[in-house]
Number of protein chains: 4
Amino acid sequence: MIRIAIIGAGRIGHVHARAVRGRNNVTLALVCDPFEQNARALAEEYDVNYCLDTDEVFDDSTIDAVVIGSPTQFHVDHILKAVNSGKRVMCEKPIALDVESAKRCINELGDCADQVMMGFNRRFAPTFSALKSRLDDGEIGSLQQLTVISRDPAAPPASYIAGSGGIFKDMTIHDFDMVRHFLGDIAEVNAVGTNASSEIAKQGDFDQVIVTLKSRDGKLATIINSRTCAFGYDQRIEAFGAAGMLSADNLTETAVRKATSTQTEAKTAIMDFFLERYEDAYRIELETFLDSIAIGGAVSSSARDGYEALVLADAATHSAKEHRVVAL
Amino acid sequence: MIRIAIIGAGRIGHVHARAVRGRNNVTLALVCDPFEQNARALAEEYDVNYCLDTDEVFDDSTIDAVVIGSPTQFHVDHILKAVNSGKRVMCEKPIALDVESAKRCINELGDCADQVMMGFNRRFAPTFSALKSRLDDGEIGSLQQLTVISRDPAAPPASYIAGSGGIFKDMTIHDFDMVRHFLGDIAEVNAVGTNASSEIAKQGDFDQVIVTLKSRDGKLATIINSRTCAFGYDQRIEAFGAAGMLSADNLTETAVRKATSTQTEAKTAIMDFFLERYEDAYRIELETFLDSIAIGGAVSSSARDGYEALVLADAATHSAKEHRVVAL
Amino acid sequence: MIRIAIIGAGRIGHVHARAVRGRNNVTLALVCDPFEQNARALAEEYDVNYCLDTDEVFDDSTIDAVVIGSPTQFHVDHILKAVNSGKRVMCEKPIALDVESAKRCINELGDCADQVMMGFNRRFAPTFSALKSRLDDGEIGSLQQLTVISRDPAAPPASYIAGSGGIFKDMTIHDFDMVRHFLGDIAEVNAVGTNASSEIAKQGDFDQVIVTLKSRDGKLATIINSRTCAFGYDQRIEAFGAAGMLSADNLTETAVRKATSTQTEAKTAIMDFFLERYEDAYRIELETFLDSIAIGGAVSSSARDGYEALVLADAATHSAKEHRVVAL
Amino acid sequence: MIRIAIIGAGRIGHVHARAVRGRNNVTLALVCDPFEQNARALAEEYDVNYCLDTDEVFDDSTIDAVVIGSPTQFHVDHILKAVNSGKRVMCEKPIALDVESAKRCINELGDCADQVMMGFNRRFAPTFSALKSRLDDGEIGSLQQLTVISRDPAAPPASYIAGSGGIFKDMTIHDFDMVRHFLGDIAEVNAVGTNASSEIAKQGDFDQVIVTLKSRDGKLATIINSRTCAFGYDQRIEAFGAAGMLSADNLTETAVRKATSTQTEAKTAIMDFFLERYEDAYRIELETFLDSIAIGGAVSSSARDGYEALVLADAATHSAKEHRVVAL
């Protein structure tokens, strides 16, 4: 029986707690959040203990693994302490808001950097992982161009934007991980940003960006982002290969289609946001983490992947703000 | 140069005239309609002569072929006179409103019954003919079940219904021809009708029917009809075979799709009615007729096919009105 | 805490056991199957007791509800005994193989006939129930024509066919329930059957049938069945209404589409068979049953619905074998 | 009656000749090509005169309009001579291979630069123009991001590449015109290129490029190009707006879909290349040109548009080769 502690009793903490309950041979043992109300709510729902101080988690030798959903500025500290106390770790993205902290984390982790798992849930979304494995099986020959479209249904509040590290580190970071997942290491980053929202512009951040990336072996990728999307949570991938194309469409609640005098084959609107759209992905991600504890070896994606994604986000920030191409 | 005369200067006459103009080695030579206004309008548009009396067409030895679009009660008479005066004939469906007249026509035509062409334009609709030839090529193995959905956008006026011979002879007749085109000769007809429209019910006709047919070699077909369809001219075919299924979807004006907060992948409404939906089919039908003049041999579909379709329509009428299965 | 017993430890028994485990406030307490190997296997997987004799279930006063998945010939007996011993009942379809037994069951149940739930799982399939509720919400006006396509991927073995009661009672029964669910009571049944498989023909059963039904208020429905389908488990519904159409497409494993030099927008094959295709439906069905225990009142669908579906299956059998329309 | 001369009797010359024949009030009067074999072939097919020297076209006062399909290096010369001899002009893209020549052309044309029409046929492709007019009608609010995917089925021969001016001026030029058509004037160009084909790499050209553009008012566009595409001529546009998205899908020959044990809803492969895919567009383009002669006023797209597209192609060439962002 693997005993899990969750640090951070917010929205994502609840998602992970639910995924833990659905599994055999694993149990949620402890919840930690400095806001007692949050900690208690989650702990009571799952009938477990809670604490306010993360040290209680790290010091508890009965805890085997920690799922970290604390604010980003604590990630490096929590990862290191958890690993140093002998626990397996899964941590929400991004690993840090600045490349230096992430680098320090990786260095201190040493070989463990490949075993600490980062919560890039999209790798585990069934549509995307099916596309990836069919690509790996050679169904469309070698990959040449990857297009990642990722638009959120609505922008977060200004207060969130302020502490987010900017759109590239907060939102595009998922897409950077997907691009690396498909294309491997990146040689060149090329980003352009704009603002449809004057409110976000006022905070010095972009709300729409397009990033072009070239891998070390010359493959191309495009990321298209928007903080708002009228038709919901637009999450699509197109992999163009030498022998064909695989596309991962958006998902809708049901397969019902409608025809009227003004429309044909209309599906209902796509799923609204990540908790619903990636419900399966979060569950499979956690299962993969739990399996990695049993099996050992490098995880997908690792803290090292988290660091590399952050490097791309940092490069894109420079590219877009300074109107230049950034070589890595 | 093949010289064509058109009998009947209505809507369909215009369709055929346009198709003639687009071809080499054929010319529209004469237009005939008892309503001088109609005859003159069509003749002037194409700068040809017109007459009011069909005998002038049959007596004109410079005319090689006649396209008959007169009212149904004149079809048999016009076909026989045209053939007897040595002309090739293409005639609009149905061949007659009663089986006896049609039978007499076929008998008098003798071997020519396979050369007189009936205007079952759907056989030539590119989507349907592509489906048919892929089926014939064995893409889905042997055909087992055929589903034909055919709904008109709006019911014709009461005056039209009165002289139409009923929904089976007027509307379903196209679908009966398609079923025979796909399944061959039919052994059993099984029809049920109902009314969504009280106006059509008052005239003793159905406005919605479903017909099940079994071919001599045991294959099944379903025809689903409605005189009205809120989303336009619903014209689909599904061929279910031993190794797969081929489906011919509806057509929309463009391939543009739309996503909003309430719909996904919505195409615009389908094409509204037959002149637009089957524009290609009418053109290819006429070309096929013209080719048959040059090449000789049996046409698809022939007057004999027209007779057989009418036999099915008659059987369906009895089946639906008398609540019984009709064996042929 | 509701304590459940499962009678019949076959494939469906396992499905229901899994659904029970996923719920709060309910526990699987007992498994019953005359084949000890089956009973023990299921009981061990869920760590519960088992018995071989159904009387032990009915006599156990700690059991609140019984899920019956025994062979059809025992359904009536098991339903009556369970109800008489004060237990709530969900029973697999069909209620019986002959109308007389079913009638007797309903009569003996009296008012309870509305509380015994029949396992017509398709009512609970999310695509179909979404379509139904959008129809009920008036999205396409009043329903006029319902088309139910239901094809199994592969025919069952000859031994199964022999005891199945024939295709109408074994397979079409689901579709009859759906037609009643959408159209209400039926006035007329019109069925035609054929054989693509000589093996099934030898047993005097059809392997392909088409049934046309007319409701008491004049609405039409078509059911298209086949015991085999090369592209998987073809399960679709089209509801044609006065103001539009709602279609429930087949489901595929993922939303990935593929384009190559020979195909465009190709999805992977549809889900293969009912355990996978209707996994959600079975779960929601059981939840609905459990909710009905708490809430009380009539269930959807009830033993009375099970009886009515069997009446339609019986009428269709007569219709197809005697080549006649059957009025109810 | 408008009398047309065609300069250049190649593939495109034939396309335009066919489009002229389908129109009233216009006639093909003269064909010009220095290769007598080409000139004669086209002239004989349409039963018109031909000449080898373009001066005979410009000196012929009975010619009202000239369609220029000569090699690109002659475009400016032919445009200027035709306009100076009082003729209306439609010229194939690009206007020139170098920005200076194009600039000189525009300057010499003066006000006529808005009346000389450039053959950017995609503006007239029904799917794209329908998308554009629905966008202009406000169906998805203001445009924010445009995605243009344009992949050719197979790379041209090395000899063609050598004289093409490079992928941006030869192939992407169409997409640059589309981006300007949708977004207006461009402020910033950002291009990255790579090679899947070593043969094209040897010639110093890219065979795959991605271009990001930002308009003066801050809207973003992405162009994704490839010289080869295994599934045919991939030509799609997505317009993402404040209130939704409009997508123009690829076109297939027919609307037939196929389901087998390995695929679902598969359409046949998309149309292979531009003569087939844009057959309608070429025809409507010529009709628009002919209408502009009768109506007067600025054309879409004009020589000025041709110049602006070339400026973007030039900027993209610099951007991709020098790994930098180019401001305009």
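As the structure is a prediction and not an experimental result, all values here were calculated from the model.

This part is about the sheet that holds strand β14 (residues 266-267) of chain A. Taking strand neighbours across the sheet as the criterion, the 9 strands line up as β14(A)-β13(A)-β12(C)-β11(C)-β7(C)-β10(C)-β9(C)-β8(C)-β15(C) in an open arrangement whose pairing is mixed. Because the sheet does not close on itself, it has two edges, and the strands there are β14 of chain A together with β15 (326-327) of chain C. With 8 bridges joining them, strand β8 (residues 186-194) of chain C and strand β9 (residues 208-215) of chain C adopt antiparallel strand pairing. Residue pairing for β9 of chain C: G193 of chain C is matched across the bridge by V209 of chain C. Of the strands in this sheet, β8, β9 and β15 of chain C touch helix α12 (residues 303-322) of chain C, which is tilted by about 50° from β8 of chain C.

In this section: the relation of the copies chain C and chain A. Related by rotation about an axis and a shift along that axis, the two copies of the chain form a pair. In screw terms, the move from chain C to chain A is a rotation of 180° and a rise of 0.0 Å along the axis, fitting with an RMSD of 0.0 Å. Taken together, the rotation angle and the small translation identify this as a two-fold axis. Residue G22 of chain C of chain C places its C-alpha closer to the rotation axis than any other residue of that unit, at 4.0 Å. Interface overlap between copies: 100% of the residues of chain C at the interface are likewise at the interface in chain A, consistent with a symmetric, same-surface contact.

Here we come to the sheet that holds strand β9 (residues 208-215) of chain B. An order of β15(B)-β8(B)-β9(B)-β10(B)-β7(B)-β11(B)-β12(B)-β13(D)-β14(D) is seen for the 9 strands of this open sheet, with the pairing classed as mixed. Two strands close off the open sheet at either side, each with one partner strand: β15 (326-327) of chain B together with β14 (266-267) of chain D. For β9 of chain B and strand β10 (residues 220-226) of chain B, the ladder comprises 7 bridges, and the chain directions are antiparallel. What sits directly across from V211 of chain B, in β10 of chain B, is I223 of chain B. Sheet strands in contact with helix α6 (residues 126-136) of chain B are β7 (143-151), β11 (234-241) and β12 (244-248) of chain B together with β13 (256-259) of chain D, and its direction is about 165° off that of β12 of chain B.

This paragraph deals with the UniProt feature "domain: GFO/IDH/MocA-like oxidoreductase" (unreviewed entry) in chain A. Sequence positions flagged by UniProt for "domain: GFO/IDH/MocA-like oxidoreductase" (unreviewed entry) are, in local numbering, residues 129-246 of chain A. Here residues 129-246 of chain A is 30% helix and 37% strand, with 12 Å between the C-alpha atoms at its ends.

One pass over the full model with this rule turns up 24 aromatic pairs over all chains. On the basis of an interplanar angle of 85° and a centroid distance of 5.0 Å, the ring pair of Y233 of chain D and F273 of chain D is categorised as edge-to-face. Of this pair, Y233 of chain D sits in the loop between β10 (220-226) and β11 (234-241) while F273 of chain D sits in the loop between β14 and α11 (274-277); the two residues are 40 residues apart in sequence, bridging distant segments of the chain. The exposure class assigned to Y233 of chain D is buried, which follows from its relative accessible area of 3%. The class for F273 of chain D is partly exposed, based on a relative accessible area of 27%. Grouping aromatic residues by their ring pairs yields a cluster made of F128, Y233, F273, F274 and Y278 of chain A. A cation over an aromatic ring shows up here: K132 of chain B above the ring of F182 of chain B, its NZ or CZ 5.9 Å from the ring centre.

Here the focus is the relation of the copies chain D and chain A. Screw-axis analysis of chain D against chain A gives a translation of 0.0 Å along the axis, an RMSD of 0.0 Å, and a rotation angle of 180°. When you check the interface residues of chain D against chain A, 100% turn up at the interface there too, and the contact is symmetric in its surfaces.

Conventions used here
- Residues numbered from 1 in each chain as written.
- Chains lettered and ligands numbered in written order.
- Predicted model: local features only at pLDDT ≥ 70, side-chain atom pairs only at ≥ 80, totals over all residues.
- Heavy atoms only, no water.
- Pairing = 2+ DSSP bridges.
- Helix = DSSP H or I, 4+ residues; strand = E, 2+ residues; numbered from the N terminus.
- Contact = heavy atoms within 4.5 Å.
- Axes fitted to C-alpha atoms, helices over the stretch in contact; angles between N-to-C directions.
- Least-squares fit on C-alpha atoms with pLDDT ≥ 70 in both.
- UniProt positions renumbered as here; feature names shortened; annotations may be inferred.
- Phe/Tyr/Trp six-rings, centres within 6.5 Å; stacked < 30°, edge-to-face > 60°.
- Buried < 20%, exposed > 50% of the residue type's maximum accessible area, 1.4 Å probe, protein only.
- Lys NZ or Arg CZ within 6 Å of the ring centre and 35° of its normal.

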